[in-house]
Amino acid sequence: MDAKTRESERTEVLTKARAAKDAAPQIARLTSAQKNEVLLAAAEALVSQAERVLAANALDVEAGREAGMSDSLVDRLSLDTGRIEGMAGGLRQVASLPDPVGEVMRGHVMPNGIAMRQVRVPLGVMGMVYEARPNVTVDAFGLALKSGNVALLRGSKSARNSNAALVELLQEVVQKHGLPRETVQLLPCESHDSVQDLITARGLVDVVIPRGSARLIDAVVTGATVPAIETGTGNCHFYIDKDADLDSALEMALNGKTRRPSVCNATETVLIDAALPTDTQQRIVAAFKEAGVTVHGDPEQLGDVVPATDEDWGEEYLSMDIAAAVVDGVDGAIAHITRWSSGHTEAIATQNHSTAQRFTQEVDAAAVMVNASTAFTDGEVYGMGAEIGISTQKLHARGPMALPELTSTKWILEGNGQVRP
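Rules behind the numbers
Residues numbered from 1 in each chain as written. Predicted model: local features only at pLDDT ≥ 70, side-chain atom pairs only at ≥ 80, totals over all residues. Heavy atoms only, no water. UniProt positions renumbered as here; feature names shortened; annotations may be inferred. Axes fitted to C-alpha atoms, helices over the stretch in contact; angles between N-to-C directions. Helix = DSSP H or I, 4+ residues; strand = E, 2+ residues; numbered from the N terminus. Parallel < 35°, antiparallel > 145°, perpendicular 65-115°, else oblique. Left-handed = near helix turned anticlockwise from the far one by under 90°. Contact = heavy atoms within 4.5 Å. Nonpolar A, V, L, I, M, F, W, Y, C, P; charged D, E, K, R; others polar. Domains from an automatic or database assignment. Buried area = accessible area lost by both parts, 1.4 Å probe. Salt bridge = Lys/Arg side-chain N within 4 Å of Asp/Glu carboxyl O. Buried < 20%, exposed > 50% of the residue type's maximum accessible area, 1.4 Å probe, protein only. Pairing = 2+ DSSP bridges.

The name an unreviewed UniProt entry assigns to the chain is Gamma-glutamyl phosphate reductase, from the organism Corynebacterium lowii. Under the heading Function (unreviewed entry), UniProt records this for the chain: "Catalyzes the NADPH-dependent reduction of L-glutamate 5-phosphate into L-glutamate 5-semialdehyde and phosphate. The product spontaneously undergoes cyclization to form 1-pyrroline-5-carboxylate."

Here it is as structure tokens:
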């Protein structure tokens, strides 16, 4: 990219960020009824204008195949009428959820008569950096609008036509409802430099949320001067304790791995208590193989498996692969998880209450499961509705990020002339 083109790209990002900042107060003032009306209209527009979106998506899919994109990535990129209806259903679900804006978190009346309360308020301008999936464009718009935020979206080059068609459609809907088109905007995606422009636009962008590969998330989190919320990768572990119900443990571990291997809550490592008999350890490995999973581990311990390296222990496979290790009881499991966990979801299978309690107390993750599949870490499953991602950091939000997590708070104090002595 030559210098002139690069400067034009930077100017476009900053111009759109300023327009988003200008639009933010108007969106923050919307009532729940107004926001819901727009969301339902957007859902209807998606369905009624599906062919328009599908035509744009076909261009991206064709370009992806010509570029040698893998089948799994092509699948993530592809839309059909069923997936568009699913996107519309997501908007309808967001419309049905409670509006977090204005919720009183706490408050009291001071002895001097000043009434004080802490209330939820929108974050403001929400930047989103994401890969491949066009459905994220609609999800981010819906969640941002319902929480009173303005969305600045930087999707991937592979989905440029799909994202452009979706954002244009959404802009038409908001404009028909008297809102600025800048309620949702799509940023240029020709180079990674536009990501850097977004994540360093302090004073214009209030928060940036990356969603995608470990490399993308790391680039955003380490390069941002704008506050960033890390929706981290999921190197999730499942520990099978010597006191586990083995049949149940295998069912849970296999569910975590095979239900949807390409999602962040998939189980990526199974840890096996060394106190379990050798034939039981081999049965666990065999169960994964029979399910079509490639097992990576120590052949001297586990037999016919792919030899594992440090890369395997830290890997988020997102495929029908799993790392397996024999560990010295719960102490060994906790030590292994502490060393390799991404802080997403960790699970234990055991019938020993004290062992489970130790595991939940000492394992540091956004979610810790006892006798349950890692697949349950999901905002909708938690009863929170749609989510923007799973936060693996510790400040502001941790775990599934739904509508309340897309707000901040402010203190409001109401007096009648009090002065401080």
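Asks: Residues and numbers for the packing of helix 6 (residues 135–146) against helix 7 (residues 160–176), please.
Replies: The interhelical angle for the contact between helix 6 and helix 7, taken along N-to-C directions, is 30 degrees, at an axis separation of 9 Å. When the interaxial angle is binned, helix 6 and helix 7 end up roughly parallel. Here helix 6 runs over helix 7; the crossing is right-handed. Contact residues: Thr137, Val138 and Phe141 in helix 6; Asn163, Leu166, Val167, Leu170 and Val174 in helix 7. Along the lines of polarity and charge, the residues of the contact of helix 6 with helix 7 split into 6 nonpolar, 2 polar and no charged.

Asks: Explain the domain arrangement of the chain residue by residue, including any values.
Replies: When its domains are assigned, the chain resolves into domain 1 (3–231 + 397–413) and domain 2 (236–381). Distance between the C-alpha centres of domain 1 and domain 2: 34 Å. Between domain 1 and domain 2, the residue contacts involve 6 residues of the former and 9 residues of the latter. When domain 1 packs against domain 2, close to 550 Å² is buried across both sides, 43% of that on carbon and sulfur atoms. The three residues of domain 1 that bury the most area against domain 2 are Arg76, Arg398 and Pro400, which together make up 63% of that side's buried surface. Where domain 1 packs against domain 2, one counts 1 salt bridge.

Asks: I'd like a description of the pattern of salt bridges, backed by residues and values.
Replies: This model, assessed by the stated rule, comprises 22 salt bridges. The partner of Arg52 in a salt bridge is Glu172, with the nearest N and O atoms 3.0 Å apart. Note that Arg52 is positioned in helix 3 (residues 50–66) and Glu172 in helix 7, a separation of 120 residues in sequence. Between Arg83 and Asp75 there is a salt bridge whose closest N-O contact spans 2.9 Å. Its relative accessible area of 33% is what places Arg83 among the partly exposed residues. Salt bridges sharing partners connect three or more residues here, namely Arg6, Glu9, Arg10, Asp193 and Asp197.

Asks: Explain the sheet that holds strand 16 (residues 407–414) residue by residue, including any values.
Replies: Taken in spatial order, the 3 strands of this open sheet run 1-2-16, and their pairing is antiparallel. Looking along the sheet, the strands with just one partner apiece sit at the ends: strand 1 (104–109) and strand 16. Neighbour to neighbour, the strand axes of the sheet diverge by 20 degrees on average, direction disregarded. By the bridge criterion, 8 bridges tie strand 2 (residues 115–122) to strand 16 in an arrangement that is antiparallel. Each bridged residue has a counterpart across the sheet, and for Ala115 the counterpart in strand 16 is Glu414.

Asks: Break down the UniProt feature "domain: Aldehyde dehydrogenase" (unreviewed entry) in the chain for me, with residues and values.
Replies: Feature annotation in UniProt places "domain: Aldehyde dehydrogenase" (unreviewed entry) on residues 4–298, given in this structure's numbering. The straight-line gap between the two end C-alpha atoms of residues 4–298 is 54 Å; of that span, 52% is helix and 17% is strand.

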